[in-house]
Amino acid sequence: MKPAFSVIFLTTLIGAGQGLFLAYYSAEWLVMLNMLQPAGSDYTTLAASISFLLLVAGLLASFFHLGHPERAWRAAAMWRTSWLSREVIALPAAMATVFAYAVIRYFGLDLQVLTLGRIPVSLSTLVGFMAMLAIIALFVCTAMIYASLKFLRQWHSPLTVLNFFLMGMASGFTLATVLAVATSAGPFGYFSAMAVFLTLAALMSRLFSLSRNLNLRSPSTLQSAIGVHHPTIRQMAQGAMGGSFNTRAFMHTYGAGVVRLGRRFFLISGFVLPLLLLFFSEADSLLVCAAALLLQFLGLLAERWYFFIEAEHPQNVYYQMIS
Amino acid sequence: MTQLALVIDLNTCVGCHACVTSCKEWNTSGDAGPMVDRNPYGAEPTGTFFNRVQTFEVGEFPDTQTIHFPKSCLHCEDPPCVPVCPTGASYKRPEDGIVLVDYDKCIGCEYCSWACPYGAREIDEQQKVMKKCTLCVDRLYDESLPEAERKPVCVLSCPTSARIYGDIHDPESDASRAINAAGGYQLMPEWGTQPANHYLPRRKVSIAVHEEDLQRVDNPLRKEDRGQRAPTTRTTLDDSTSW
């Protein structure tokens, strides 16, 4: 497939925003359950705001993918059948709940609404819980857009969902680590340890899907495509001399060398280097953590680019030679 | 339930592209507005087409066959492009099985084209909406047309009658009869999309020619000529004139 850059930015930006919110929200629960020391001043407003801005940035990027962005509201209609439609519902739901969470925290509207056992649950925790559900739903919807297309064998796997989740979470926790260092607030140890763990998990899962895709063959051949059962078929003309949508939208034009380089870059920059930097980072090493974040984000952009490159669309068998 | 479809006979298609040009002409002049036509007289013409003829060479020289292969939307009975559409712009008509796009609802996200294994959908680069073969739905029910012309324009324009139009769920239709008689098949059956359009395979054609077909046994000229035939060495009128 040809990489769709608006979609690459959409999925990576919202992934980081979703991961960031879950990082801070999970830390809040751990503090509530006395498993983590409360650290410093209130940092969650800042974190939730940045998470919200990342979701907004992703949404803006997605509009560039549309031919008619002014009709985008229609996309919520077919949620019963379309994962894209479900994403269109889950994304604003996540944005609204994360925004509400930030507002409640900023204006101190935090009333205690109920108690779970002996733990007091405040309004922000409740809204945050709804945000968490929306964010998890968003992870699933975003990934299922690709994983549900059974003709694109490289995408049609539960690994796609796992990869999207783990990469979003890894970049979110890395961002949380940077924020914790920059504001000197927040549980740096928890964030950096989780960032290392999630980056490692994402790397393993991605390597697993890379090896799965290595030997994947499409069941569609030129023989089944035109229904002629002869071992030797050669295309003489594809019906259009100046190319067509079919030759522009489903094939990438990068050489094998560029593709190989892209794969190496995303594995090293997206996973290996951030792992090392985060592993050796200290609570005051802002530069190291920021470098890890930057490298990881660039690496994940390249990963999403490669995600498109490696998917082979069956319609390409009809378009092998212009004339 | 009706399922309108095309049956395309690869045995008779000569690859003249009449279906391609008539399709473009009819659909670019219709209500939905023009279809993109970029650089039409230049070196690299490109644009939106609902139907194209591709050409394949099968076999190794000199034992080859040239197959002209018209390709358009197959109006699948289980169309994978329809459920993925987020707006409901893509739909399959329950009354006749035609898969259509509502150009006023389409947001141009291209997701349906990712979901179609045949590459049957094209984005219109000016209108920014997804377009595809409509099976000339604007002809099929138009009572201002003579009944014989209420057919897809590609079917009407085909000079070799390689395109048969009909309801493949009606076993008595021309389309069903052709599928049953000539072993009509579907494209990429491995995906389970059940395309409504079928293709008829290449068939070995042999005609038994008997001597009496070429030379009539009861040729009256033979009797009349008897004894009067001019010597073949003499120059005849046919040899000296040039009409």
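**A closer look at the overall build of chain A**
In step 1: Helix and strand counts for chain A stand at ten helices and three strands.
In step 2: Its helices and strands in sequence order give chain A the pattern α-α-α-β-β-α-α-α-α-β-α-α-α, from N to C terminus.
In step 3: In terms of overall dimensions, chain A has a C-alpha envelope of 75 × 45 × 35 Å along the principal axes.
In step 4: Residue burial in chain A is summarised as follows: out of 323 residues, 49% are buried.
In step 5: Here the analysis covers contacts within chain A between residues at least 6 apart in sequence; of these, 77% occur between residues at least 24 apart.

**Remarks on the overall build of chain B**
In step 1: Per the secondary structure count, chain B includes nine helices and eleven strands.
In step 2: Of all intrachain contacts in chain B linking residues separated by at least 6 positions in sequence, the fraction that spans at least 24 positions is 57%.

**Looking at the sheet that holds strand S4 (residues 51-60) of chain B**
In step 1: The strand order across the open sheet built from three strands is S3(A)-S4(B)-S5(B), with neighbouring strands paired in antiparallel fashion. The open sheet is flanked by strand S3 (233-237) of chain A together with strand S5 (63-72) of chain B, the only strands paired with a single partner. Neighbour to neighbour, the strand axes of the sheet diverge by 30° on average, direction disregarded.
In step 2: Most of the contacts of helix H1 (residues 18-28) of chain B go to S4 of chain B, to which it runs at about 165°, and overall it touches S4 and S5 of chain B.

**Points about the interface of chain A and chain B**
In step 1: The interface is formed by 45 residues belonging to chain A together with 47 residues belonging to chain B.
In step 2: Elements supplying a minimum of two residues to the side of chain A that touches chain B: helix H3 (83-106), helix H7 (222-226), S3 and helix H8 (245-249) of chain A.
In step 3: Partitioned by chemical class, the residues of the side of chain A that touches chain B number 23 nonpolar, 19 polar and three charged.
In step 4: Taken together, the four bridges between S3 of chain A and S4 of chain B define a ladder with antiparallel strand orientation. Bridge pairing in S4 of chain B links Arg-234 of chain A to Glu-57 of chain B.

**Overview of the nonpolar core**
Residue and element names in this part refer to chain A.
In step 1: Ranked by size, the top nonpolar core spans 161 residues in total, and within it Leu-20, Ala-94, Val-98 and Ala-176 carry the most contacts.
In step 2: No other element matches the 15 residues that helix H5 (residues 158-183) contributes to this core.
In step 3: With sequence-adjacent residues up to four places away left out, Val-98 is seen in contact with Phe-21, Ala-48, Ser-51, Phe-52, Leu-55 and Ala-131.

**Quick notes on unusual backbone geometry**
In step 1: Cis peptide bonds are those with omega within 30 degrees of zero, and the linkage from Phe-61 of chain B to Pro-62 of chain B qualifies with 5°.
In step 2: Checked against the element boundaries, Pro-62 of chain B lands in the loop between S4 and S5.
In step 3: Backbone geometry places Ser-184 of chain A, a non-glycine residue, at a positive phi of 50°.
In step 4: Take Ser-184 of chain A: it is sitting in the loop between H5 and helix H6 (188-214).
In step 5: Accessibility expressed as a C-beta count within 10 Å gives 14 for Ser-184 of chain A, which makes it partly exposed.
In step 6: Phi at Gln-194 of chain B is positive, roughly 50°, even though this residue is not glycine.
In step 7: Relative to the assigned elements, Gln-194 of chain B resides in the loop between helix H6 (174-182) and strand S11 (198-200).
In step 8: Given 14 C-beta atoms within a 10 Å radius, Gln-194 of chain B is considered partly exposed.

**As for the sheet that holds strand S1 (residues 4-9) of chain B**
What holds strands together in a sheet is hydrogen bonding between their backbones, with the strands either parallel or antiparallel.
All names here are of chain B.
In step 1: The strand order S10-S1-S11 describes an open sheet built from three strands, whose pairing is mixed. Two strands bound the open sheet, and with one partner strand each, they are strand S10 (163-167) and S11. Direction aside, the axes of adjacent strands within the sheet are offset by 25° on average.
In step 2: One ladder, built from five bridges, connects S1 with S10; its direction is antiparallel. Opposite Leu-4, over in S10, you have Asp-167 as the bridge partner.
In step 3: Taken strand by strand, H6 contacts S1, S10 and S11, and its axis lies near 115° from that of S10.

**A few points about helix H1 (residues 5-32) of chain A**
Residue and element names in this part refer to chain A.
In step 1: Its 28 residues give H1 an end-to-end C-alpha distance of 41 Å, which sits within 8% of 40 Å, the value for a rise of 1.5 Å per residue.
In step 2: Among the 28 residues that make up H1, 20 are buried, leaving the element largely enclosed by the rest of the structure.
In step 3: Trailing H1 by a residue or two, Asn-34 shows a phi angle of about 60°, which is positive.

**Examining the confidence of the model for chain B**
The predicted coordinates ought not to be read in detail in places where the model reports low pLDDT.
In step 1: For chain B, the average pLDDT comes to 90, and 88% of its residues sit at 70 or higher.
In step 2: Quick note on the complex model: pTM equals 0.90, ipTM equals 0.91.

**Some remarks on the environment of Val-31 of chain A**
Residue and element names in this part refer to chain A.
In step 1: With respect to the helices and strands, the residue Val-31 is situated in helix H1.
In step 2: Spatially, the C-alpha atom of Val-31 lies 9.6 Å from that of Pro-187, the residues being 156 residues apart in sequence.
In step 3: If sequence neighbours within four positions are ignored, Val-31 has contacts with Leu-36 and Pro-38.

**What about the packing of H5 of chain A against helix H10 (residues 286-310) of chain A?**
All names here are of chain A.
In step 1: Following both chains from N to C, one finds H5 and H10 inclined at 160°, their axes separated by 9 Å at the closest point. With respect to H10, the axis of H5 lies roughly antiparallel. Judged by the twist between their axes, the crossing of H5 over H10 is left-handed. Here Met-167, Ser-171, Thr-174, Leu-175, Thr-177, Val-178, Val-181 and Ala-182 of H5 come into contact with H10, specifically with Leu-286, Cys-289, Ala-290, Ala-292, Leu-293, Gln-296, Phe-297, Leu-300 and Glu-303.
In step 2: Partitioned by chemical class, the residues of the contact of H5 with H10 number twelve nonpolar, four polar and one charged.

Conventions and cut-offs
- Residues numbered from 1 in each chain as written.
- Chains lettered and ligands numbered in written order.
- Predicted model: local features only at pLDDT ≥ 70, side-chain atom pairs only at ≥ 80, totals over all residues.
- Helix = DSSP H or I, 4+ residues; strand = E, 2+ residues; numbered from the N terminus.
- Buried ≥ 20, exposed ≤ 12 C-beta atoms within 10 Å, placed from the backbone.
- Contact = placed C-beta atoms within 7 Å.
- Pairing = 2+ DSSP bridges.
- Axes fitted to C-alpha atoms, helices over the stretch in contact; angles between N-to-C directions.
- Nonpolar A, V, L, I, M, F, W, Y, C, P; charged D, E, K, R; others polar.
- Core = buried A, V, L, I, M, F, W, Y, C linked by C-beta atoms within 7 Å.
- Expected span 1.5 Å × (residues − 1).
- pLDDT = per-residue confidence, 0-100.
- Parallel < 35°, antiparallel > 145°, perpendicular 65-115°, else oblique.
- Left-handed = near helix turned anticlockwise from the far one by under 90°.

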